Structure formats: structure tokens, C-alpha cells
Amino acid sequence: MKDKISKIGIFIYDPEGNLGKFLSVEAICSKLSGLHFASTVSSSVRDEGLRDDFEEFVKKNKLSAAVIAGYSSRSNEKIFKNSFKKAGLNPYALAFINLGEAIVICGKKVKILDRAVQLIVRAARWIENQGPIETQKILLNRKVLVLGGGIAGIETALTLAGGGLDVVLVEGGQDLGGEIAAIEGLQDFLGDKIRALKKEEKIKIISSSRLANTGGHAGGFIVKIEGKDESVLEVGAIVVAVGYESIVPIEELGENFNSRVIGQRDFEKRLSSNDVPGRICFLTDLVDEDLKVQTQALLRQALAVKKEFDSDVICLCKDLKVSFDGGEELYKRAREAGVLFFKYVEKPGIKVLNNVVEVSLINEDYPHEEMVFEADLLVVGEKAAPRKGFEELAKLLSVNLDSNGFFQEDNVKILPTKSSKRGVFFVGGCRLPQNINETLTEARATAQEILSFLSKGEIELDLTSAKINSDRCVLCLTCVRTCPHGAIVVDQKEETAKVIPISCQSCGICASECPVMAIELPLYTNAKVMGQLVNSMAGEVG
Amino acid sequence: MKGDFEPKITAFCCEHSGLLSANMAVESRFVFSNDVQMIRVPCSGKIEAIHIMKALEEGDGVAVFACHKEACQFLRGNLRAEARVSSIKEILKEIGVEEERVQMYYLAPSNGIKFAQLLRVFYENLKKLGPNVGRKVG
């Protein structure tokens, strides 16, 4: 054992003097000296000092691996990794430990010093047999497929083309524009966008078509487009911007649904054809209570009716959600213009008698008396629902849908438009119903992400992805099913499952599920974990 | 005799929650346990059944620190780990080892205090249980 780990360097640093209070670093070094470790201590506070110290340390001792021990070593990982790489060494043969652990885990029997040394020895064992990680160059196709010709798709395509990538935009219907084409006041904005889109040479628009098949991986998807003409393309990334469906909540309205009760989108059409009666009642939050798109449409429409037609406008809602751009302002203007707002808690009663809609509700402020409103027209907030083809599309792309049937992002906090499969992105309403400004921001952010990924045309990958031993693989397909990133495919020729390195995110789920133990993660091999368990528990230090 | 007993704990920590919580606990100086070995894994779904069994063979208890349900970085890794832990508990019952020796905990990345508390409770429980009968002798 002693000979085996002789080339491992131990680099202890204590920039803030946290360790010094509890541990004598010299004592650690003297304990370790029997093990033929090369060890050094740095107390540099500044990053550059730390780097210089470490580089000198690497140069002086002929190392193959190193243990970095500090008080909170995570924050400086990059410095050490870069220095190691610079010296031509394997950056994965570095172990980082937090010597603070020794201070907080000190029992009656174990002394802080022993514990610190134990931590260092364990870490050294973790990396002692770490082989080099190969790298692979992967060519990236500089073409992007955008599914959906709504505002999300259009904006993404425009930004991508502006960045110099080729774009193929596939729209299921005849016309571009999607849902917002129906909204008054946005026609000019949309018209400009579509004109710009058609003018752009880098963008190819295929209408009345859909995605029929996909294969390959990020940087080299092979997609089949079906429709008027069939075509097979190779693209580097896929953007899903297929929007969502807006449905009038017929079930919740029951038998009261007739021509006097309409949805928000139908009312939009009436607004543009100036067919607006004298008394209008808006009712939102019947379903989908956390949809701020509903509130936005309500405020916009109520204000427009009040201003242009001077109708009596009453808005009934559970909660007004004004957390969108200019929401508060819009609400204030509606109030000032004379729109009345009432809050309800329990579902209001709706009756239609002699072409007059009667809405009755109990207001929280006057709980003893029922309020009754009469109106010529009742406009109901619409609920958002996933489109019909979502499941099929998710299966084609091997991505996931959430519990509501919308596309599930990989991480809601870090670039929420990323999917669990690398190279596939969700933009706009197909992920979460949202308003136009948010969609535009999302589309641009996604396009930037794709640009930074594809622009170079090639990528050098460290092959830390899972590795499948083809001799052992019995093609049970467990890994193919369990992989959350759709990164494992079946190689028919060689009769084995195969990992696509660019899609793999090294989570190791396949490795632990494989019934014949044919899969290993290079950085977390079975032998390494077992070695930790057996050696450390023996209780010997050094 | 039981008072002197110091249980040996292996803690498998998911890089995305357990490990970060552990680091936070360390940095805030919460003293959590007397003899614990933390093993870092990229996802709790990576923890193999054999690793947990081996850890039990060499020690007294195994704690698995995973992300909250539905918050797994890799979608369903923590659910897989949960299934594995419960199947291991079944095996332990059959062979006559207390099933409480393997525990699964769910943490957010910033749960330093909770991490320390959970480990403390786990440690106290193991102390009550006494030495692991399934532990390798010699």
C-alpha cells in the first residue's frame, strides 16, 4: 500500500487560519511523512498566491495525483484543476477534502489529528488508481430545428439566425403566428417579426409539416420531417416551441354554456369586430387558479371595453395575479377607468334567463348578503391544456412531460428551457403558459445557449460518461429504460447497449441498475467505492 | 458496556444535496457524529445495493442522503434509491439484522442544520440498538 500511493501529493492550505486554531498542520505532515507522501502547506490568502504555490508544488514533486485539503476546498476546485491540467497531469486525479470535518466529527476515542490524517488517507485511496480520462472530439452540426411557428419559435429562429446559425422552422399549420395572431394590438408587432423571418436567408420555413422521427444526439440529431414533402435533416439542436391549448372550462360551467357565455379568446374576436354589448361580466380563476395569463387577458380586455365602448364592466376573480410586466399599472388604470373588481371565494352561481346572464356570489366583505350581477355577456377565463400530440412528441424526443402534461424542464432554476436531453430545448407555452414578454426573453436566452453550444462547430468532451462492457451486456434494456437523459441506445450490429457521451451526464443510475454489472462510471467505479468501505472501516490510519 | 459503544456510520451523500448540506454543516461547525464516513456519489440512484450491504458488513449503520422527492437532478434517481433501500430493509429483516440500521433521508442542498440533526438522531438510535450483529468479525 505504501509504495502504491507514494506519488500522491498532499497540499494543505489554510488561508483564513481556520484550521490552525484546531489543528497543527505540521503535526499532520509529520504523521504523513512515514507514508512517502509529498506534502506542502500554503497559507496564501489570495487566489493567485494559492495557484502559484500549488504550481510550484506540482513542479517540484513528480506527482501523479494530489489530495487538496483545506477548510472549504470546494470554492477553489477550479484553480487546482486548471493548474494540474496546465502541468499535463490528469485533473481527475485530484481529491478535495474538507479538513473541517475532522473538527466537527471528533468523538471520545478519535482525536482531531487522527481524524484529519484518516480523511487524507481515505481521499488518497480514492484517487490512487484513477486512470486518465480520455477525451473525444465531436463535430457539431450548425443547424437548428425549431418546432412551432408561434412567437416563441419565431423569436428563437430570428435570434439564432442573427447569431449565424442555419434554422429550419417547422410549423404544423398553414400560417405563422400561433396564438397571439388573434390578439388585437399585437398584429403589427407580429407582422414585423414574420416579415423579418421571411427575409432572413438563413431561415427555412416548412409549413403544414410535423416531426416524424428523430435519432442521433446533441450536435447530430437526424430528424425526419413529414408533411407536404418528406425530408430528412441533420441538426445540432432541437427547439420545441409548440405552444399550448386554451380551453373554455365547459365542465365547470355545466349546462349554462350558451352563446351568452364565451371564452376570453372568442371575446377577443368580438372586440376586433366591435361587437360588444353594454353590460359585460368577466369571470376568471374558475380553473387554473395560478395562471397569470388569465389575469393579464382579463385586465387588457376589461380596459379596452371600458375605454372604447364605455360598457359596464364587472370583474369577478379569486385572486388577481399582477406579477407580470406592468401588471400593477394595468390594474390601476382599469380601476381608474371605472372597471369594478369583486373577489369571490366559493364558485359563483351562473344562470342564463331571457338572454341575460345572472351571476350571484358571496363577497367576503358582505358575507350575509348574496350579490347578484346582471350582464349581457359573461366572459370566462380559459384554462391551459397541453396539446394533443405532446405525448407522442415527448416520446420521439425521449424527454419527459410533467404531471399536467406539459414539457418538463430539467432544472427550474438553471436555464429552465433546457430539457433532460442535451440539445433539446422547450420554449414558451409548451413548458408553462406565460405572457409574451416572458416568452420573448426565454426564446432569446435559449437561442444564446444554443449559439454558445454550436457556434464552434466542434466540442472536446472528457469521457466521464458511463461505460458499458459489451462482453457482459445481455441487452436487457434496463439501462435504456432507466436513463433519465435518453443517452443510451442499442447497437444492433454489436448487440450491445451503447452510451452516447455527449448526452450522458454521469449520474450513474444505469450503473447501479444494471443486473449484470456491465456498466461503470469512470470516476465512481465499483472498486473505488468498495475500497473506501473496506479500508476505512478497518480503522487503521496510515 | 453499551455506553462505550461507538457506532460506525457510513453516509452516502448525493453531490447535489447531501454533500452540500454536509459541507454547510461542517462550515457552521455543527458537531454531528462521532464516527462517520461520508462517501460522495453523483446521484443517490448510483448507490448500489451491494455497497450498502458491504458498508453494513464493515460498520453499524448506513445513512443515505438524497434530494427531496421530485427534486432529483436526474429526475427519478432518488426514487430508485428509495426502492433499493426498502428492498435492503426486507433482506435485513430476513437475516435478523435490525432494519433501522439503514435509513434514507431527504435534504435540500442548504440543509446543514438538518443534516447534522438527522445524523445525530441516527447515531443515537444506533447507540440504542447496540453493535451490529451482522458485522464481520476479525
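Values in this document were obtained by computation on a predicted structure and should not be read as measured data. Each residue is numbered by its place in its chain's sequence as written, counting from 1. A letter from A marks each chain and a number from 1 marks each ligand, given out in the order of writing. Under the rules for a predicted model, residues below a pLDDT of 70 receive no local features and side-chain atom pairs below 80 are neither given nor counted, while totals for whole chains, interfaces and linings still include all residues. By convention in this description, side-chain values take in all heavy atoms of the structure and omit both hydrogens and water.

Residue and element names in this part refer to chain A. Backbone geometry at Ser208 places phi at a positive 50 degrees, although glycine is not the residue there. Positive phi, close to 45 degrees, is recorded for Ser398, a residue that is not glycine. Each residue's exposure class comes from its accessible area (1.4 Å probe, protein chains only) as a fraction of the maximum for that residue type: buried when under 20%, exposed when over 50%, partly exposed otherwise. The class for Ser398 is partly exposed, based on a relative accessible area of 33%.

Moving on, we get to the sheet that holds strand β17 (residues 340-343) of chain A. All names here are of chain A. Spatial strand order, β14-β21-β15-β16-β17: five strands in an open sheet with parallel pairing. Edge positions in the open sheet fall to β14 (261-263) and β17, since each of these has one partner strand only. Sheet twist, expressed as the mean angle between neighbouring strand axes with direction ignored, is 25 degrees. Two strands pair if DSSP finds at least two bridges between them. Secondary structure is summarised from DSSP: a helix means a run of H or I of at least four residues, a strand means a run of E of at least two, and numbering begins at the N terminus for each. Across four bridges, the pairing between strand β16 (residues 312-317) and β17 is parallel. Residue pairing in the sheet places Cys317 in a bridge with Lys343 of β17. The contact rule is simple, with two residues in contact once any of their heavy atoms fall within 4.5 Å. Axis geometry follows a simple rule: fit a line to the C-alpha atoms, using only the stretch in contact for helices, then measure angles between N-to-C directions, giving values from 0 to 180 degrees. Running at roughly 95 degrees to β14, helix α9 (residues 264-272) makes contact with β14, β15 (279-283) and β21 (377-380) of the sheet.

Residues and elements named next belong to chain A. The rule for a salt bridge is simple: a side-chain nitrogen of Lys or Arg has to be within 4 Å of a carboxyl oxygen of Asp or Glu. Summed over all chains, the structure comprises 33 salt bridges over all chains. The partner of Asp275 in a salt bridge is Arg270, and the shortest N-O contact between them spans 4.0 Å. Shared partners join several salt bridges into a network, and the residues in it are Glu179, Arg265, Glu382 and Arg387.

Turning our attention to the sheet that holds strand β1 (residues 9-14) of chain B. Residues and elements named next belong to chain B. Pairing is parallel across the open sheet formed by four strands, whose spatial order is β2-β1-β3-β4. Sheet topology places β2 (36-41) and β4 (102-107) at the edges, where each strand pairs with a single neighbour. In this sheet, adjacent strand axes meet at a mean angle of 20 degrees when their direction is disregarded. In the sheet, β1 pairs with strand β3 (residues 61-67) via five bridges, with the strands oriented parallel. Counted as the bridge partner of Cys13 is Phe65 from β3.

Once that is clear, we can look at the packing of aromatic side chains. All names here are of chain A. Note on aromatic pairs: the rings of Phe, Tyr and Trp (six-membered ring only in Trp) are paired at centre separations within 6.5 Å, and the planes decide the class, stacked below 30 degrees, edge-to-face beyond 60, tilted for the rest. Applying the stated criterion to the full structure yields 17 aromatic pairs over all chains. When the centroid spacing of 5.7 Å and the interplanar angle of 65 degrees are considered together, the rings of Phe11 and Phe80 count as edge-to-face. With Phe11 in strand β1 (residues 8-13) and Phe80 in helix α3 (residues 77-86), the pair connects residues that are 69 residues apart, well separated along the chain. Given a relative accessible area of 0%, Phe11 falls into the buried group. Of the residues examined, Phe80 reaches a relative accessible area of 0% and is grouped as buried. The interplanar angle of 70 degrees and the centroid separation of 6.5 Å between the aromatic rings of Phe390 and Phe406 together place this pair among those described as edge-to-face. Residue Phe390 is found in helix α12 (residues 390-397), and its partner Phe406 is found in the loop between α12 and β23 (424-426); the two are separated by 16 residues along the sequence. Phe406 matches Phe390 in its accessibility class, with the two residues each being buried. Through a chain of ring-to-ring contacts, the aromatic side chains of Phe11, Phe54, Phe57, Phe80, Phe84 and Phe96 assemble into a single cluster.

With that out of the way, let us pick up helix α10 (residues 292-309) of chain A. Residues and elements named next belong to chain A. How far a helix is expected to stretch is found by multiplying one less than its residue total by 1.5 Å. In this model, α10 (18 residues) spans 25 Å end to end at C-alpha, consistent with the 26 Å of a helix rising 1.5 Å per residue. Among the residues of α10, Val293, Gln294, Thr295, Gln296, Ala297, Leu298, Leu299, Gln301, Ala302, Leu303, Val305 and Lys306 are the ones counted as buried. Asp310 lies just past α10 and shows a positive phi near 50 degrees.

We now examine the state of the cysteines. To count as a disulfide, a pair of cysteine sulfur atoms needs to be within 2.5 Å. Within this structure, the stated rule accounts for zero disulfides over all chains. The structure places no disulfide on Cys479(A), whose sulfur is separated from the nearest cysteine sulfur, that of Cys473(A), by 6.1 Å. Cys43(B) takes part in no disulfide bond, and the closest cysteine sulfur to it belongs to Cys72(B), at a distance of 4.1 Å.

This paragraph deals with the nonpolar core. Soluble globular proteins tend to bury their nonpolar side chains together. In plain words, nonpolar cores are sets of buried Ala, Val, Leu, Ile, Met, Phe, Trp, Tyr and Cys residues tied together by side-chain atoms within 4.5 Å. Membership of the largest hydrophobic core comes to 65 residues, with the highest contact counts inside it found for Leu145(A) and Val240(A). In terms of nonpolar packing, the next biggest core, distinct from the first, is built from 64 residues, Val117(A), Val62(B), Val85(B) and Met104(B) among them.

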